[in-house]
Amino acid sequence: MRRSTFSPEPDCAIAQSLGVIGDGWELLIVRDLARGLSRFDELAGSLHISRKVLTERLNGLVDSRIVDKVAYQDRPTRYAYQLTPRGRALLPVLVALQDWGDRWLLGDGSLTGTNDADEPPAQRLHELVGQHVPRIALPSTAGTTVDILEAGSRTTVLFGYPATGRPTPLPDGWENIAGTTGCTLENRLFAGRYGEFTDQGIAVRGVSTQRPDEQQAFAEAEDIPHLLLSDLELELAAALRLPTFRAGGYERLKRVVLIVGADRVVQAVRYPVTDIAEAVDWAFRTA
């Protein structure tokens, strides 16, 4: 068995957690399940892992109640895998690891709310084009939990932004973090052209990691017609591997605009967003 010499300290939660999910393959399996890959062959193809190792790791995750195994076919029986609530609770851990890696391993250690076009986070985002977006339901300013994409629309413009400063003040030093300013402007610009988008069958949805009540107060104060979605639990960030940065005690989305078709396939990505007004124009032209 793997890690047969590992004996975690009984009273240390970090050590105990590593005893369950401390293997790199296990974390990557959780990553790919969050991305919507659920079948054995899909996971094997994504991870480029041997079937033997994948079977061992999946069995371990099932035994640890991080993953459920559900039959989707008889004769022969085939299984799909999905994260349990215990497994989904690991998503903020994965996003934090990605943020740390983007900043300290793939970057120069600077705290930033954006990236250059040739940096790995930008390349990762542009690789989303042609990829399928899994169904993810998030709390919204409509007071209900909704799918991130609007059913019946020709396309959905999904724009991620770090945070608005109303009603909750932004963290100290926010204006010194590159790429953070302009979230209120971005929402105002999309709001001002909301009728143009909807006339063309295009849904507009904004998403941040702020609490639903904060988003609701902002939407009411600014008379925002489009839905704002709260990715407080980082489900969307994990599913699409969106770049984040940590400020004010939790992860914030870096500014990005996605165009997603009715078939849930990503059609276009705008990142980095260096000119907010031009990015709104681009979204209308592209969607």
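Residues numbered from 1 in each chain as written. Predicted model: local features only at pLDDT ≥ 70, side-chain atom pairs only at ≥ 80, totals over all residues. Heavy atoms only, no water.

1. Some thoughts on the overall build of the chain
Then, number 1: Helix and strand counts for the chain stand at 12 helices and 11 strands.
Then, number 2: Relative to a compact globule of 287 residues, whose C-alpha radius of gyration would be 19 Å, the chain shows 20 Å and is just as compact.
Then, number 3: Expressed as lengths along the three principal axes of its C-alpha atoms, the size of the chain is roughly 60 × 50 × 35 Å.
Then, number 4: Counting the 287 residues in the chain, one finds 45% classified as buried.
Then, number 5: A separation of at least 24 residues holds for 62% of the contacts in the chain among residues at least 6 apart in sequence.
Then, number 6: Both charge centroids of the chain, one from 31 positive and one from 38 negative side chains, sit 6 Å from each other. (Helix = DSSP H or I, 4+ residues; strand = E, 2+ residues; numbered from the N terminus. Rg over C-alpha atoms; globule rule 2.2 N^0.38 Å. Buried < 20%, exposed > 50% of the residue type's maximum accessible area, 1.4 Å probe, protein only. Contact = heavy atoms within 4.5 Å. Lys, Arg positive; Asp, Glu negative; His and termini not counted. Charge placed at Lys NZ, Arg CZ, Asp CG, Glu CD.)

2. Section: the packing of helix α8 (residues 183-192) against helix α12 (residues 276-286)
Then, number 1: Between α8 and α12, whose axes approach to 10 Å, the crossing angle comes to 35 degrees. When the axes of α8 and α12 are compared, the crossing they make is right-handed. Facing Glu-186, Leu-189 and Phe-190 of α8, the residues of α12 in contact are Ile-276, Ala-277, Val-280 and Ala-283. (Axes fitted to C-alpha atoms, helices over the stretch in contact; angles between N-to-C directions. Left-handed = near helix turned anticlockwise from the far one by under 90°.)

3. A few points about the packing of aromatic side chains
Then, number 1: Applying the stated criterion to the full structure yields five aromatic pairs.
Then, number 2: Geometrically, the ring pair formed by Trp-174 and Phe-245 is tilted, given 5.8 Å between the ring centres and 45 degrees between the ring planes. In this pair, Trp-174 sits in the loop between β5 (155-160) and α8 while Phe-245 sits in strand β8 (residues 244-247), placing the two residues 71 residues apart along the sequence. Each member of the pair, Trp-174 as well as Phe-245, is classed as buried.
Then, number 3: Ring pairing ties together the aromatic residues Phe-159, Tyr-161, Phe-190, Phe-197 and Phe-284, which thus form one cluster.
Then, number 4: Just above the ring of Tyr-72 sits the side chain of Arg-39; from NZ or CZ to the centre is 3.9 Å.
Then, number 5: Positioned over the ring face of Tyr-250 is Arg-252, at 4.1 Å from the centre of the ring. (Phe/Tyr/Trp six-rings, centres within 6.5 Å; stacked < 30°, edge-to-face > 60°. Lys NZ or Arg CZ within 6 Å of the ring centre and 35° of its normal.)

4. Examining the packing of helix α3 (residues 40-47) against helix α4 (residues 51-63)
Then, number 1: Viewed as axis vectors pointing N to C, α3 and α4 meet at an angle of 115 degrees, and their least axial separation amounts to 10 Å. Seen along the crossing, α3 lies across α4 with a hand that is right-handed. Together, Phe-40, Asp-41, Leu-43, Ala-44 and Leu-47 of α3 and Arg-51, Leu-54, Thr-55 and Leu-58 of α4 make up the contact between the two elements.
Then, number 2: Residues of the contact of α3 with α4, tallied by class, amount to six nonpolar, one polar and two charged. (Nonpolar A, V, L, I, M, F, W, Y, C, P; charged D, E, K, R; others polar.)

5. A look at the side chain of Ser-153
Then, number 1: Along the chain, the position of Ser-153 falls in the loop between β4 (145-147) and β5.
Then, number 2: Look at Ser-153 and you get buried, because its relative accessible area is 12%.
Then, number 3: Only 3.3 Å separates the side chain of Ser-153 from the side chain of Glu-150, close enough to count as a polar contact.
Then, number 4: If near-sequence neighbours (up to four positions away) are discounted, Ser-153 is found in contact with Gly-201, Ala-203 and Ala-262. (Polar contact = N/O pair within 3.5 Å; in protein donor to acceptor, adjacent residues only side chain to side chain.)

6. Quick word on α12
Then, number 1: When α12 is considered as a whole, its buried residues turn out to be Ile-276, Ala-279, Val-280, Trp-282 and Ala-283. Summarising the axial view, the buried residues of α12 lie within an arc of 160 degrees, below the 170-degree limit, and thus occupy one face.
Then, number 2: Considering only its buried residues, α12 is in contact with β5, α8, α9 (194-199), β10 (256-261) and β11 (266-270).
Then, number 3: For α12, the N-terminal cap is Asp-275; the gap from its side-chain oxygen to the backbone nitrogen of Ala-277 is 3.2 Å. (Arc of directions from axis to C-beta.)

7. Re the pattern of salt bridges
Then, number 1: In total, this model carries 20 salt bridges according to the counting rule given.
Then, number 2: A salt bridge links Arg-264 to Asp-147; the shortest N-O distance between them is 2.7 Å. Of this pair, Arg-264 sits in the loop between β10 and β11 while Asp-147 sits in strand β4, and the two are 117 residues apart along the sequence.
Then, number 3: According to the relative accessible area criterion, Arg-264 is buried, its value standing at 7%.
Then, number 4: Between Arg-188 and Glu-222 there is a salt bridge, and its shortest N-O distance comes to 2.8 Å. Of this pair, Arg-188 sits in helix α8 while Glu-222 sits in helix α10 (residues 212-222), and the two are 34 residues apart along the sequence.
Then, number 5: Among the residues examined, Arg-188 registers a relative accessible area of 46% and is labelled partly exposed. (Salt bridge = Lys/Arg side-chain N within 4 Å of Asp/Glu carboxyl O.)

8. Notes on the pairing of β5
Then, number 1: The buried count for β5 comes to six of six residues, which makes it a mostly enclosed element.
Then, number 2: Of the two faces of β5, the one holding Thr-155, Val-157 and Phe-159 and the one holding Thr-156, Leu-158 and Gly-160 are both buried throughout.
Then, number 3: Judged from the six bridges that link them, β5 and strand β6 (residues 202-208) form a sheet pairing that is parallel. Of the residues in β6, the one forming a bridge with Leu-158 is Arg-205.
Then, number 4: Pairing of β5 with β10 involves six bridges; the strand directions are antiparallel. Bridge assignment links Thr-155 to a residue of β10, and that residue is Gly-261. (Pairing = 2+ DSSP bridges.)

So far we have only geometry, and geometry alone does not tell us how the molecule works.
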